[in-house]
Amino acid sequence: MSTIAKNIAKVATRIREAAQAAGRDPDSVGLLAVSKTQSAQAIREAHSAGLNDFGENYLQEALEKQADLADLALTWHFIGPIQSNKTKAIAEHFDWVHSVDRLKIAQRLSDQRPAELPPLNICLQVNVSLESSKSGCAPQEVAELVRAIAILPNLRLRGLMAIPEPTNDTAEQHAAFARVRQLQQELDAELDTLSMGMSQDLEAAIAEGATWVRIGTALFGARAYPSHTAKTAPTHDQRK
Ligand SMILES: *Cc1c(COP(=O)(O)O)cnc(C)c1O
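These numbers were taken from a predicted model, which means no experiment stands behind them. (Residues numbered from 1 in each chain as written. Predicted model: local features only at pLDDT ≥ 70, side-chain atom pairs only at ≥ 80, totals over all residues. Heavy atoms only, no water.)

(A) Local environment of the environment of Phe220. Tracing the sequence through the fold places Phe220 in helix H9 (residues 217-220). What Phe220 contacts, discounting residues up to four positions off in sequence, is Ile4, Asn7, Ala33, Val34, Ser35, Gln38, Ala42, Ala46 and Phe54. (Helix = DSSP H or I, 4+ residues; strand = E, 2+ residues; numbered from the N terminus. Contact = heavy atoms within 4.5 Å.)

(B) Quick look at the state of the cysteines. Inspection of every chain in the model, using the stated rule, returns zero disulfides. Of all cysteine sulfurs, the one in Cys137 lies closest to Cys123, which takes part in no disulfide; the gap is 12 Å. With relative accessibility at 0%, the residue Cys123 sits in the buried group. (Disulfide = S-S within 2.5 Å. Buried < 20%, exposed > 50% of the residue type's maximum accessible area, 1.4 Å probe, protein only.)

(C) Summary view of the pairing of strand S5 (residues 120-125). Most of S5 is tucked away: six of the six residues are buried. Burial along S5 is two-sided: the residues Leu120, Ile122 and Leu124 and Asn121, Cys123 and Gln125 are all buried. Bridge analysis of strand S4 (residues 96-100) against S5 gives three bridges, and the strand direction is parallel. The residue bridging Val100 from the neighbouring strand is Leu124, located in S5. Regarding the hand of the β-α-β motif, the stretch spanning S4, helix H5 (residues 103-112) and S5 is right-handed. (Pairing = 2+ DSSP bridges. Right-handed = clockwise from strand over helix to strand, strands pointing away.)

(D) Structural context of the environment of Leu59. Assignment of secondary structure puts Leu59 in helix H3 (residues 59-68). Take Leu59: its relative accessible area is 10%, and that puts it in the buried class. Sequence-wise, Leu59 and Arg24 are 35 residues apart; in three dimensions their C-alpha atoms are separated by 34 Å. If we skip the residues at most four places from it in the chain, Leu59 touches Phe78, Lys86, Ala89, Ile90 and Phe94.

(E) Local environment of the site of the ligand. Around the ligand sit 14 residues, and of these Lys36, Asn57, Ser199, Thr217 and Arg223 come closest. In this structure, a nitrogen atom belonging to the ligand sits 2.9 Å away from a side-chain N or O atom of Arg214. Take Thr217: an N or O atom from its side chain is 2.5 Å from an oxygen atom of the ligand. For the shell around the ligand, the per-class residue count stands at six nonpolar, four polar and four charged. (Near = heavy atom within 4 Å. Polar contact = N/O pair within 3.5 Å; in protein donor to acceptor, adjacent residues only side chain to side chain. Nonpolar A, V, L, I, M, F, W, Y, C, P; charged D, E, K, R; others polar.)

(F) Inspection of the side chain of Ser84 at higher detail. Relative to the helices and strands, Ser84 is located in the loop between strand S3 (75-78) and helix H4 (87-93). For Ser84, a relative accessible area of 17% gives the class buried. Non-local contacts of Ser84, meaning those with residues more than four positions away in its chain, are made with Arg102, Lys104, Ile105 and Arg108.

(G) Geometry of the nonpolar core. Counting 63 residues, the largest nonpolar core has Phe54, Val97, Leu109, Val126, Val142, Val213 and Leu219 as its most contacted members. At six residues, helix H1 (residues 3-21) tops the list of elements feeding residues into this core. If we ignore the near neighbours within four places in the chain, the residues touching Val97 are Phe78, Ile82, Ile90, Leu109, Leu120, Asn121, Ile122 and Cys123. One finds Leu32, Val34, Cys123 and Met161 within the second-largest nonpolar core, a separate group that totals eight residues. (Core = buried A, V, L, I, M, F, W, Y, C linked by side-chain atoms within 4.5 Å.)

Put into C-alpha coordinates, the structure is as follows:
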(Lines give C-alpha, C1' and ligand atoms only; values in the text may rest on other atoms or scores of the structure.)
Protein backbone atom coordinates (compact mmCIF):
# COMPACT_ATOMS: atom_id res chain seq x y z
CA MET A 1 0.00 0.00 0.00
CA SER A 2 1.37 3.45 -0.87
CA THR A 3 1.79 6.11 1.82
CA ILE A 4 -1.08 8.08 0.32
CA ALA A 5 -3.36 5.03 0.36
CA LYS A 6 -2.45 4.39 4.01
CA ASN A 7 -3.10 8.04 4.89
CA ILE A 8 -6.47 7.93 3.13
CA ALA A 9 -7.42 4.87 5.19
CA LYS A 10 -6.41 6.68 8.41
CA VAL A 11 -8.36 9.82 7.53
CA ALA A 12 -11.40 7.74 6.52
CA THR A 13 -11.26 6.07 9.93
CA ARG A 14 -11.06 9.46 11.69
CA ILE A 15 -14.07 10.67 9.70
CA ARG A 16 -16.08 7.53 10.42
CA GLU A 17 -15.30 7.60 14.14
CA ALA A 18 -16.08 11.31 14.44
CA ALA A 19 -19.38 10.88 12.59
CA GLN A 20 -20.37 7.91 14.75
CA ALA A 21 -19.47 9.78 17.93
CA ALA A 22 -21.78 12.58 16.78
CA GLY A 23 -24.58 10.19 15.86
CA ARG A 24 -24.18 11.06 12.18
CA ASP A 25 -24.06 8.86 9.10
CA PRO A 26 -20.37 8.68 8.03
CA ASP A 27 -21.53 8.92 4.41
CA SER A 28 -22.88 12.40 5.13
CA VAL A 29 -19.29 13.70 5.42
CA GLY A 30 -17.35 14.08 2.17
CA LEU A 31 -13.57 13.91 2.03
CA LEU A 32 -12.19 16.72 -0.12
CA ALA A 33 -8.50 16.07 -0.78
CA VAL A 34 -6.63 19.39 -0.78
CA SER A 35 -3.92 18.88 -3.39
CA LYS A 36 -2.37 22.36 -3.61
CA THR A 37 1.41 22.13 -4.13
CA GLN A 38 1.09 18.35 -4.66
CA SER A 39 1.96 16.72 -7.97
CA ALA A 40 -0.44 15.34 -10.55
CA GLN A 41 1.07 11.94 -9.73
CA ALA A 42 0.06 12.28 -6.07
CA ILE A 43 -3.50 13.06 -7.19
CA ARG A 44 -3.45 10.04 -9.48
CA GLU A 45 -2.43 7.84 -6.52
CA ALA A 46 -5.13 9.28 -4.32
CA HIS A 47 -7.66 8.66 -7.08
CA SER A 48 -6.52 5.02 -7.43
CA ALA A 49 -7.03 4.68 -3.69
CA GLY A 50 -10.64 5.83 -4.04
CA LEU A 51 -10.79 9.64 -3.91
CA ASN A 52 -12.60 11.70 -6.55
CA ASP A 53 -12.83 15.21 -5.09
CA PHE A 54 -9.77 17.47 -5.15
CA GLY A 55 -9.37 21.03 -3.87
CA GLU A 56 -6.93 23.55 -5.31
CA ASN A 57 -6.03 27.10 -4.21
CA TYR A 58 -3.94 28.45 -7.07
CA LEU A 59 -5.52 28.68 -10.50
CA GLN A 60 -2.48 28.26 -12.74
CA GLU A 61 -1.20 25.29 -10.78
CA ALA A 62 -4.65 23.70 -10.87
CA LEU A 63 -5.08 24.14 -14.62
CA GLU A 64 -1.76 22.42 -15.29
CA LYS A 65 -2.69 19.44 -13.15
CA GLN A 66 -6.18 19.24 -14.65
CA ALA A 67 -4.62 19.00 -18.12
CA ASP A 68 -2.30 16.21 -16.92
CA LEU A 69 -5.21 14.33 -15.35
CA ALA A 70 -7.80 14.82 -18.10
CA ASP A 71 -8.09 11.04 -18.49
CA LEU A 72 -9.62 10.74 -14.97
CA ALA A 73 -13.19 11.66 -14.01
CA LEU A 74 -12.34 13.96 -11.09
CA THR A 75 -14.45 16.61 -9.37
CA TRP A 76 -12.51 19.85 -8.92
CA HIS A 77 -13.09 22.32 -6.11
CA PHE A 78 -11.60 25.82 -6.01
CA ILE A 79 -10.89 26.75 -2.39
CA GLY A 80 -8.44 29.69 -2.54
CA PRO A 81 -8.84 33.47 -2.56
CA ILE A 82 -10.37 34.69 -5.86
CA GLN A 83 -9.33 37.74 -7.83
CA SER A 84 -11.79 39.07 -10.42
CA ASN A 85 -9.50 38.34 -13.33
CA LYS A 86 -9.53 34.62 -12.43
CA THR A 87 -13.30 34.06 -12.38
CA LYS A 88 -13.65 33.10 -16.06
CA ALA A 89 -11.17 30.22 -15.87
CA ILE A 90 -12.59 29.12 -12.53
CA ALA A 91 -16.14 29.10 -13.95
CA GLU A 92 -14.93 27.02 -16.89
CA HIS A 93 -12.75 24.48 -15.11
CA PHE A 94 -14.25 23.74 -11.69
CA ASP A 95 -17.33 21.97 -10.33
CA TRP A 96 -17.38 23.68 -6.95
CA VAL A 97 -16.10 26.99 -5.55
CA HIS A 98 -15.87 27.12 -1.73
CA SER A 99 -14.28 30.55 -1.39
CA VAL A 100 -16.84 33.05 -2.68
CA ASP A 101 -16.89 35.97 -0.26
CA ARG A 102 -18.41 38.86 -2.19
CA LEU A 103 -21.25 39.42 -4.62
CA LYS A 104 -19.13 40.70 -7.49
CA ILE A 105 -17.24 37.41 -7.64
CA ALA A 106 -20.47 35.40 -7.54
CA GLN A 107 -21.98 37.50 -10.34
CA ARG A 108 -18.93 37.04 -12.52
CA LEU A 109 -18.86 33.27 -11.91
CA SER A 110 -22.55 33.05 -12.87
CA ASP A 111 -22.10 35.22 -15.99
CA GLN A 112 -19.03 33.27 -17.07
CA ARG A 113 -20.26 29.73 -16.37
CA PRO A 114 -20.43 27.99 -19.78
CA ALA A 115 -24.02 27.21 -20.83
CA GLU A 116 -23.26 23.55 -21.55
CA LEU A 117 -22.10 22.91 -17.96
CA PRO A 118 -24.39 22.33 -14.96
CA PRO A 119 -24.68 25.19 -12.44
CA LEU A 120 -21.49 25.82 -10.48
CA ASN A 121 -21.76 24.67 -6.85
CA ILE A 122 -20.96 27.52 -4.48
CA CYS A 123 -20.14 27.92 -0.82
CA LEU A 124 -20.09 31.36 0.73
CA GLN A 125 -16.93 31.75 2.81
CA VAL A 126 -17.57 33.37 6.17
CA ASN A 127 -14.91 34.76 8.45
CA VAL A 128 -15.67 33.64 11.98
CA SER A 129 -12.24 34.62 13.36
CA LEU A 130 -12.35 38.26 12.34
CA GLU A 131 -9.14 39.33 13.98
CA SER A 132 -6.86 36.81 12.27
CA SER A 133 -8.01 36.29 8.71
CA LYS A 134 -8.70 38.50 5.73
CA SER A 135 -10.72 36.03 3.65
CA GLY A 136 -14.43 35.53 4.03
CA CYS A 137 -17.39 37.84 4.48
CA ALA A 138 -18.35 39.10 7.92
CA PRO A 139 -21.02 37.05 9.74
CA GLN A 140 -23.46 39.97 9.61
CA GLU A 141 -23.18 40.08 5.79
CA VAL A 142 -24.11 36.42 5.29
CA ALA A 143 -27.90 36.73 5.10
CA GLU A 144 -27.89 39.47 2.49
CA LEU A 145 -25.20 37.79 0.38
CA VAL A 146 -27.06 34.48 0.48
CA ARG A 147 -30.24 36.17 -0.78
CA ALA A 148 -28.34 37.83 -3.63
CA ILE A 149 -26.30 34.79 -4.65
CA ALA A 150 -29.22 32.36 -4.45
CA ILE A 151 -30.95 34.02 -7.42
CA LEU A 152 -27.97 33.99 -9.78
CA PRO A 153 -28.91 31.69 -12.66
CA ASN A 154 -25.78 29.64 -13.25
CA LEU A 155 -24.82 29.01 -9.66
CA ARG A 156 -26.18 26.59 -7.10
CA LEU A 157 -25.59 27.94 -3.62
CA ARG A 158 -24.92 24.93 -1.39
CA GLY A 159 -23.89 26.40 1.97
CA LEU A 160 -21.19 28.08 4.03
CA MET A 161 -17.44 27.52 4.20
CA ALA A 162 -15.11 28.64 6.98
CA ILE A 163 -11.46 28.46 7.99
CA PRO A 164 -11.43 29.33 11.68
CA GLU A 165 -8.18 30.40 13.24
CA PRO A 166 -6.14 27.25 13.92
CA THR A 167 -6.02 26.27 17.58
CA ASN A 168 -5.26 23.11 19.54
CA ASP A 169 -7.98 23.99 22.03
CA THR A 170 -10.82 21.65 21.09
CA ALA A 171 -13.40 23.76 22.92
CA GLU A 172 -12.42 26.74 20.76
CA GLN A 173 -12.55 24.59 17.63
CA HIS A 174 -16.08 23.46 18.51
CA ALA A 175 -17.19 27.02 19.30
CA ALA A 176 -16.00 28.36 15.93
CA PHE A 177 -17.59 25.56 13.90
CA ALA A 178 -20.80 25.83 15.91
CA ARG A 179 -20.99 29.53 14.97
CA VAL A 180 -20.84 28.58 11.29
CA ARG A 181 -23.58 25.99 11.71
CA GLN A 182 -25.77 28.44 13.63
CA LEU A 183 -25.30 31.11 10.97
CA GLN A 184 -26.40 28.60 8.35
CA GLN A 185 -29.40 27.44 10.40
CA GLU A 186 -30.60 31.05 10.80
CA LEU A 187 -30.78 31.51 7.03
CA ASP A 188 -34.00 31.26 5.14
CA ALA A 189 -32.49 29.13 2.38
CA GLU A 190 -32.31 25.47 1.45
CA LEU A 191 -28.67 24.66 1.97
CA ASP A 192 -27.15 21.21 2.35
CA THR A 193 -23.43 21.87 2.73
CA LEU A 194 -21.05 22.99 5.47
CA SER A 195 -17.44 23.06 4.25
CA MET A 196 -15.31 23.13 7.39
CA GLY A 197 -12.58 21.15 9.09
CA MET A 198 -8.98 20.48 8.05
CA SER A 199 -6.28 17.98 9.08
CA GLN A 200 -6.01 19.33 12.65
CA ASP A 201 -9.64 19.87 13.52
CA LEU A 202 -11.81 17.58 11.42
CA GLU A 203 -13.29 15.84 14.48
CA ALA A 204 -14.65 19.08 15.93
CA ALA A 205 -15.96 20.15 12.51
CA ILE A 206 -17.81 16.85 12.01
CA ALA A 207 -19.28 17.07 15.52
CA GLU A 208 -20.66 20.51 14.54
CA GLY A 209 -22.13 19.38 11.22
CA ALA A 210 -19.44 19.54 8.50
CA THR A 211 -20.45 17.87 5.23
CA TRP A 212 -17.10 18.49 3.48
CA VAL A 213 -13.84 18.25 5.38
CA ARG A 214 -10.93 19.71 3.39
CA ILE A 215 -7.84 17.65 4.13
CA GLY A 216 -4.33 18.27 2.80
CA THR A 217 -1.45 17.45 5.15
CA ALA A 218 -3.01 14.34 6.70
CA LEU A 219 -3.33 12.81 3.20
CA PHE A 220 -0.28 14.04 1.31
CA GLY A 221 2.17 15.00 4.06
CA ALA A 222 3.67 18.43 4.66
CA ARG A 223 3.53 20.90 1.78
CA ALA A 224 6.77 22.12 0.23
CA TYR A 225 6.02 25.55 -1.17
CA PRO A 226 7.96 26.61 -4.24
CA SER A 227 11.08 28.47 -3.11
CA HIS A 228 10.10 31.79 -4.74
CA THR A 229 7.03 32.00 -2.50
CA ALA A 230 8.43 30.35 0.61
CA LYS A 231 9.52 33.56 2.30
CA THR A 232 6.14 35.18 1.96
CA ALA A 233 3.95 32.12 2.47
CA PRO A 234 1.91 32.75 5.60
CA THR A 235 1.30 29.86 7.91
CA HIS A 236 -2.36 29.66 7.13
CA ASP A 237 -2.56 29.49 3.35
CA GLN A 238 -4.15 32.84 2.78
CA ARG A 239 -1.73 33.66 -0.02
CA LYS A 240 -3.15 35.60 -2.95
C1 LIG B 1 -4.61 24.15 2.57
C2 LIG B 1 -6.05 24.20 2.87
C3 LIG B 1 -6.71 23.14 3.51
C4 LIG B 1 -6.00 21.88 4.00
O5 LIG B 1 -5.27 22.13 5.15
P6 LIG B 1 -4.50 20.95 5.93
O7 LIG B 1 -4.24 21.54 7.26
O8 LIG B 1 -3.27 20.64 5.15
O9 LIG B 1 -5.43 19.78 5.98
C10 LIG B 1 -8.08 23.23 3.69
N11 LIG B 1 -8.77 24.31 3.29
C12 LIG B 1 -8.19 25.35 2.67
C13 LIG B 1 -9.01 26.51 2.24
C14 LIG B 1 -6.82 25.34 2.46
O15 LIG B 1 -6.25 26.41 1.86
